[in-house]
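One-letter residues, chain by chain:
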Amino acid sequence: GVTQSPTHLIKTRGQQVTLRCSSQSGHNTVSWYQQALGQGPQFIFQYYEEEERQRGNFPDRFSGHQFPNYSSELNVNALELDDSALYLCASREGPGTSTDTQYFGPGTRLTVL
Amino acid sequence: DAKTTQPPSMDCAEGRAANLPCNHSTISGNEYVYWYRQIHSQGPQYIIHGLKNNETNEMASLIITEDRKSSTLILPHATLRDTAVYYCIVNAGGTSYGKLTFGQGTILTVHP
């Protein structure tokens, strides 16, 4: 399945953070979502073939990377208090497959103090 | 992607069927209906999806109306472990890059 690290993280305002995700076997597309407390997940961006293909309404402080083995990183610079959330990674087979079934990891809980 | 409307909460007795409705009146012809659920503080779990035919798997059944403007997720014999937030999502499927748009979902509480 999809794995994420770390499980929990505490940072202070202004710091930078990197979250990691390993895709499910056979999946070459990775998406990242942010879930604030009491809300549904919000789409941040999606990577396919090591390029950002689609992006949600998030500032440039949020950036990502996909590696040749399809694992991925989410980087957030200049952390703000509102960045405190559960960050979810999801993987799927690439475009051109018949469906878009995405499989989620357990998430990383980020707390910004 | 088309928007979906779900009731904010529902209750169900353990062992009974849970029927969760979803309205998606602006769905396009190439859009699938997906259902995910999220148990507290865990990642969303895929349940089932369909285009226009009814679908069944080991977890649930999905009934889509003929005009495709609404659907119902059925958990045939709900257990306490089915207590979760259930999300109905409409998405264009494999030809797109697949941004999933989550709403508020339905909080399903299964009672003993």
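Predicted model, so just to flag it, every value in this text is computed and none were measured.

**Q** Whenever I open this one, the overall build of chain A confuses me. Can you help?
**A** Along its length, chain A carries zero helices and eleven strands. A compact globule built from 113 residues should have a C-alpha radius of gyration of about 13 Å, and chain A, at 13 Å, falls within 12% of that. Taken over the C-alpha atoms alone, chain A extends approximately 40 × 25 × 25 Å along its principal axes. Among the 113 residues that make up chain A, the fraction classed as buried is 51%. When the accessible surface of chain A is summed, it comes to about 5,200 Å², and 45% of that surface belongs to carbon and sulfur atoms. One finds the centroid of the 8 positive side-chain charges in chain A at a distance of 7 Å from the centroid of its 11 negative side-chain charges.

**Q** Before we go on, may I ask you to explain the packing of aromatic side chains in this structure?
**A** In this description, an aromatic ring pair is defined by two values, namely the gap between the centres and the angle between the planes. According to the stated counting rule, one finds twelve aromatic pairs over all chains in the structure shown. Residues Tyr33 of chain A and Phe43 of chain A carry aromatic rings whose centres are separated by 5.6 Å and whose planes lie at 70° to one another, so their mutual orientation is edge-to-face. Note that Tyr33 of chain A is positioned in strand β4 (residues 29-35) and Phe43 of chain A in strand β5 (residues 42-48), a separation of ten residues in sequence. Between Phe45 of chain A and Tyr47 of chain A the ring centres are 5.4 Å apart and the planes differ by 90°, which places this aromatic pair in the edge-to-face class. As far as burial versus exposure is concerned, Phe45 of chain A and Tyr47 of chain A are alike and both buried. By way of ring pairs, the aromatic residues Tyr33, Phe43, Tyr103 and Phe104 of chain A together with Tyr36, Tyr46, Tyr87 and Phe102 of chain B are connected into one cluster.

**Q** So what exactly am I meant to see when it comes to the pattern of salt bridges here?
**A** Close approach of charged atoms allows side chains of opposite charge to pair. All names here are of chain A. Inspection of the entire model under this criterion finds six salt bridges over all chains. Among the salt bridges present, the one from Arg55 reaches Glu52, with a minimum N-O distance of 3.1 Å. On the basis of relative accessible area, Arg55 is assigned to the partly exposed category, the value being 27%. Look at Glu52 and you get partly exposed, because its relative accessible area is 35%. Through salt bridges that share partners, Arg61, Glu80 and Asp83 make up one connected network.

Reading the values: rules and limits
- All residue numbers refer to positions counted from 1 along the written sequence of the respective chain.
- Each chain gets a letter, beginning with A, and each ligand a number, beginning with 1, in the order they are written.
- Only residues with pLDDT of at least 70 are given local features in this predicted model, and only at 80 or more are side-chain atom pairs given and counted; all residues enter the totals for whole chains, interfaces and linings.
- To obtain the side-chain values, all non-hydrogen atoms of the structure were included, while hydrogens and water were left out.
- In this description a helix means any DSSP run of H or I spanning at least four residues, a strand means any run of E spanning at least two, and both kinds are numbered starting from the N terminus.
- Between the two quantities, the radius of gyration covers C-alpha atoms and the globule rule is 2.2 Å times the number of residues to the power 0.38.
- Think of it in three bands: residues with accessible area under 20% of the maximum for their type are buried, residues over 50% are exposed, and the middle band is partly exposed, with areas taken using a 1.4 Å probe on protein chains only.
- Per-residue and other accessible areas follow the Shrake-Rupley method at a 1.4 Å probe size, with only the shown protein chains counted as cover for residues.
- Charge assignment in this entry is limited to Lys and Arg as positive and Asp and Glu as negative, and neither His nor the chain termini are counted.
- To locate a charge, take NZ of a lysine, CZ of an arginine, CG of an aspartate or CD of a glutamate.
- Pairing of aromatic rings covers Phe, Tyr and Trp, the last counted by its six-membered ring, and requires centre-to-centre distances within 6.5 Å; plane angles under 30 degrees mean stacked, over 60 mean edge-to-face, and any other angle means tilted.
- When a carboxyl oxygen of Asp or Glu is within 4 Å of a side-chain nitrogen of Lys or Arg, the pair counts as a salt bridge.

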